[in-house]
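In case you want the letters, here they are:
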Amino acid sequence: MTDQTIASHVSAPKPAAKPARGIWRQGWQRFARSRTGMLGLVLVLIVVATAVIGPFVAPFDAQDQSPMLDPGAKAPPSWTNPLGTDRMGYDVLSRVIYGAPTALAVGLGAMSIAAAIGILVGGVAGYRGGTTDEVLMRFTDFFLVIPMFVVILAVVRLLGVAVVDTPFESVPYLNLGVIILLIGVFSWAPIARMTRAEFLRLKNQEFVEAARCIGATSGDILFRHILPNALPSLIVIIALGIGGAVLAEAMIGFLGFGDPAAVSWGQLLYFNYQALKVAPWASLSPGLAIFVTVLGFNLLADGLTDAFNPRAKN
Amino acid sequence: MRVFVFLARRLIFAIILMLGVSAAIFFLINAIGNPIELMMAETPGMTGEVIERMKGYYGLDQPPLTRYLLWLGRLLHLDFGTSIVYNQPVGSLIATWGWQTLKIQLPAILIALAIAILFGVTAARRQHSRSDFTVMGTALLGQSLPAFFLGILLIFVFSYTLDWLPSYGAYSTRNPLWGSPTLDALWHMILPVAMLTFFNTATLTLLMRSNMVDVLKSDFIAAMRASGIPERRVIYVHALRAAFIPMLTYLGLLIGLMLGTAPVTESVFTWPGLGSLYVAAIHQLDYPVIMGASAVIAFMLICTTLLTDVIYVLIDPRISLEGGP
Amino acid sequence: MAGLAAETQAAAAAPRPPEATASPAPVLVSVENLRIQFPPWNAPVRVVEDVSYQVRTGETMGIVGESGSGKTLSSLAILNLLPPPARIAGGRILFEGEDLAAKSQAQMQKLRGRRLAMIFQNPGYSLNPLLTVGAQLAEILKVHEKLPRSAALQRVEELFRLVGITDPGSRLSQYPHEMSGGMKQRVCIARALLCHPALVLADEPTTALDVTIQAQILDLLEELKQRLGMSMIFVTHDMGVVARIADRITVMYAGQVCETGDKQAIFARPSHPYTQALLASTPRIDKSYAVDAQGRRERLPTVGLAATPGQSLGGGCRFAGRCPEAVPECTRLVPQAAAIEPGRSVHCLKRGSAGVPGHG
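Description of the structure in this document.

1. Topic: the overall build of chain A
Stage number 1. Within chain A one finds 10 helices and 0 strands.
Stage number 2. In sequence order, chain A lays out its α and β elements as α-α-α-α-α-α-α-α-α-α.
Stage number 3. With respect to the principal axes defined by its C-alpha atoms, chain A has extents near 85 × 60 × 40 Å.
Stage number 4. Taken across its 314 residues, chain A has 46% of its residues classed as buried.
Stage number 5. Taking as baseline every contact in chain A between residues at least 6 positions apart, the subset at least 24 positions apart corresponds to 74%.

2. Side note on the overall build of chain B
Stage number 1. Tallying secondary structure elements over chain B gives 13 helices and 0 strands in all.
Stage number 2. Across the 325 residues of chain B, 41% fall into the buried class.
Stage number 3. In chain B, 70% of the contacts between residues at least 6 apart in sequence involve partners at least 24 apart.

3. Re the interface of chain A and chain B
Stage number 1. In this complex, chain A contributes 31 residues to the contact, which on the side of chain B involves 37 residues.
Stage number 2. When residues of the side of chain A that touches chain B are traced back to their parent elements, those giving at least two are α4 (130-145), α5 (148-162), α8 (218-254) and α10 (280-308) of chain A.
Stage number 3. Broken down by element, the side of chain A that touches chain B gets its largest block of residues, 11 residues, from α5(A).
Stage number 4. Its residues assigned to classes, the side of chain A that touches chain B comprises 26 nonpolar, 3 polar and 2 charged.

4. Describing the pairing of strand β9 (residues 248-253) of chain C
All names here are of chain C.
Stage number 1. Across the 6 residues of β9, 6 count as buried, placing the element largely inside the fold.
Stage number 2. The alternating pattern of β9 places Arg248, Thr250 and Met252 and Ile249, Val251 and Tyr253 on opposite faces, both of which are buried.
Stage number 3. Pairing analysis gives 4 bridges linking strand β3 (residues 60-64) to β9, with the strands arranged parallel. Bridging from a neighbouring strand, Ile63 pairs with Thr250 of β9.
Stage number 4. Summarising the sheet, β9 and strand β10 (residues 256-262) pair through 6 bridges and their orientation is antiparallel. Within β10, the position partnered with Met252 by the bridge is Val257.
Stage number 5. Hairpin connection of β9 to β10: 2 residues between the antiparallel strands, including Ala254 at a positive phi of 50°.

5. Details of the interface of chain B and chain C
Stage number 1. Between chain B and chain C, the contact holds 19 residues from the first and 24 residues from the second.
Stage number 2. When residues of the side of chain B that touches chain C are traced back to their parent elements, those giving at least two are α9 (219-226) and α10 (231-260) of chain B.

6. A few points about the sheet that holds strand β7 (residues 199-203) of chain C
Residue and element names in this part refer to chain C.
Stage number 1. Taken in spatial order, the 8 strands make up an open sheet running β6-β7-β8-β3-β9-β10-β13-β12, and their pairing is mixed. One side of each edge strand has no neighbouring strand; the edge strands of this open sheet are β6 (116-119) and β12 (338-341). The mean angle between the axes of side-by-side strands here comes to 20°, regardless of whether they run parallel or antiparallel.

7. Regarding the sheet that holds strand β5 (residues 98-99) of chain C
Residues and elements named next belong to chain C.
Stage number 1. Pairing is antiparallel across the open sheet formed by 4 strands, whose spatial order is β2-β1-β4-β5. The sheet is open, and its two borders are formed by β2 (45-56) and β5, each paired with just one other strand.
Stage number 2. Summarising the sheet, strand β4 (residues 87-95) and β5 pair through 2 bridges and their orientation is antiparallel. Paired with Leu94 across the two strands is Asp99, which belongs to β5.
Stage number 3. Of the strands in this sheet, β1 (27-38), β2 and β4 are in contact with helix α2 (residues 71-79), which crosses β1 at around 115°.

8. Digging into the environment of A:Gly123
All names here are of chain A.
Stage number 1. Topologically, Gly123 is positioned in helix α3 (residues 92-128).
Stage number 2. Between the C-alpha atoms of Gly123 and Phe60, which are 63 residues apart in sequence, the distance is 47 Å.
Stage number 3. Apart from residues lying up to four places away in sequence, Gly123 is in contact with Thr195 and Phe199.

Analysis parameters
- Residues numbered from 1 in each chain as written.
- Chains lettered and ligands numbered in written order.
- Predicted model: local features only at pLDDT ≥ 70, side-chain atom pairs only at ≥ 80, totals over all residues.
- Helix = DSSP H or I, 4+ residues; strand = E, 2+ residues; numbered from the N terminus.
- Buried ≥ 20, exposed ≤ 12 C-beta atoms within 10 Å, placed from the backbone.
- Contact = placed C-beta atoms within 7 Å.
- Nonpolar A, V, L, I, M, F, W, Y, C, P; charged D, E, K, R; others polar.
- Pairing = 2+ DSSP bridges.
- Axes fitted to C-alpha atoms, helices over the stretch in contact; angles between N-to-C directions.

From the geometry alone we can't say anything about function, so treat these as descriptive.
See the structure below:
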């Protein structure tokens, strides 16, 4: 039964406008025009596809060492083993394929943690200003200076030692999880900086004042107005960070501190580097995989920068 | 006068940072477990003498805070303790291996800077030309190529395939190159320095080019040309100086990055530097070395940041000395 | 700007007592059929098309036009400082007996700052932020006159005094960011005058300043004109400013000259439809505006909306799209200069110009 009173004609107050969808569509169009960006997107999609579908189509299982018998360890590429076999008799192609989900897990996992912390810290610092800002920024500076790599190596190793004979020892992929956590914890500082800069820039703009005039609450302003407008720059940094995280894990694995239960490209390098002279395919393949992944995310970030901050080109 | 106040502030901040980092190192490593017990679990062959020495150095029967202050105190006296694995004072180990690290890091940065300035300026001057795009493209590629993969490639090509350069170590164990130890050392340095330079050059060139492009468009450069100042001076003295200043902060970060990833770089080339020492120490749970090397690396990084900030302020008259930009 | 504009316009148009017309001063700069173009070169963008004007010694030529009229580019061309990739595609620029358009950058470098000088629009950006003002200006003296540092700084100080900078000695060691806008512009003016140039080009030197400072700087420029007998090309979009500072005026639109002539003549009897529209749209203090029955004032006339921006489709007169008097020939034929009074010429088919078929 429709209510005929005047009250029914008063519509509920509209929620404060999000940035017009036009920004995202415009951004996508600009992105599509950027050759580097599209190339990056293609590379990233290839990696993602490998990670998702790969394990189902890989010729050998990750732990399958049967090629050791035929054609033997360190065998060059052939029809049965397109990328050859490695020092311990694994099929290189399969291991590289299985390394993709690990890489993506590290990249996305670490950056999620980094983004969560970074946006929180940077956002509060930028929005509140004053002493909160000062304190938080000093805190951020501290994390910017710490040599992430050096510390992670120590912590991972020591953790490995410490959990011996404890219930933690049987947690699957504990090592990898710790690596992801640590990379994330040491990567949030640049994100915080950028978030703070963006919030500082945006909170003084007129549309925020306007929103406040119509009665928007602080929460409204933060989440509906400021954050969506800060996202473009943040996405770029996060994209770069994903590449960086993958690279960091690769380096950790290369030095031998990776998770023995997980297949990661860095670890593949660690196992096969000694045999570089006689079985280069075993080292070059995972290396190339790392390169393609990092390149993909870097190009993607480049394309995103073009999309959202079009530099005036002559 | 204002300069001194500023310097003092930055110095104090750096010291606080050092304290913080050293505390972090200490508590992180010790929080995971009592070092002695952990070591005993891993290396059953540890002798009582070593255990006693460790106990003495670390004061392991005392509360954590006291232990930290004890360690800090010794650090300030440059007493890093004795390595369990090598049975030598950690300080001298760090000095020897650290020198090897500097041997490759310093030249890499300097060469990278020189190349970056040269190519960055040239590319900026010929903006949008083919040479510009080549420079930019190569630089972008160089940025994405994982440094250590490049190292592996370099070794594979120049050492294993072409056999022009050695694939590991800082010295030949027998038959130094052409009979000269110095030349031999330099010969071994070529690949590691090349690898470090490549990565540094890529990022620095892109930055330099971008800065130069912006500067060359600015009014004051046009005004200088309009005043008849020779083009050479306009570009290589004035424009360059304006473009270089923002690079300083980045240079500091880059040095930090290089130092931070030294373990990997040195592992690729089996280079006996601080990074290799550190990694080996971690593998072998050589605590004195781990803590000492971390402290030294952190110290070098903090110094670099401090130095870049100070130089930046001294060079750019626009920055107010109180709070910075 | 309305007050200044109206007041000075009225003064400019008011009849002046006939002066003893001495023989006109010699021509210092003659811009002849200047063409400036941007790539792509197979279909170049003709931003300045067939522009000609002359500036005599001791005279200030005001070049007036809206943004995009090519006024700045034509003056930059005199110094051969066009921003790449623009280039001079035709014409001559005669100065002291030579064609500047034909000179190389190295040859021009000797003239710039010495015989030709420029004052830029934004003083904040046209000074090197990393050097003290004293050092920057002294360097120019070192380049052109090989003066040692102390002598150079002394000369700079003298010029600071000339342009009205207070306490000139202590200013030498100041950085640009430590100075106000007006002060910086005075420094830029001083910089232009360092080597006693024969010609000064001023590109909207007052646009970036506050109104009160604008007036001060214009006062200064007028005073310097009298004292030094400066020849100046003054580029601006502001009719009020040009009415005050210029002796002769060239009106430009979209890269073409509309008319050129004596200031009083143009203000009193504007000929080209564009000039007429420009002047008519500026409120004037000596005109009364009717009020209709409902108490509303009559509206100021405006220049019509541009149908096609910039280039004319047919290659003819580029104002044809907005011109109330345009006829079909106007879009096809480029009007040439027609002398309507001694010392005045106009480019308009409806004012007697011959037409030449143009390219698009």
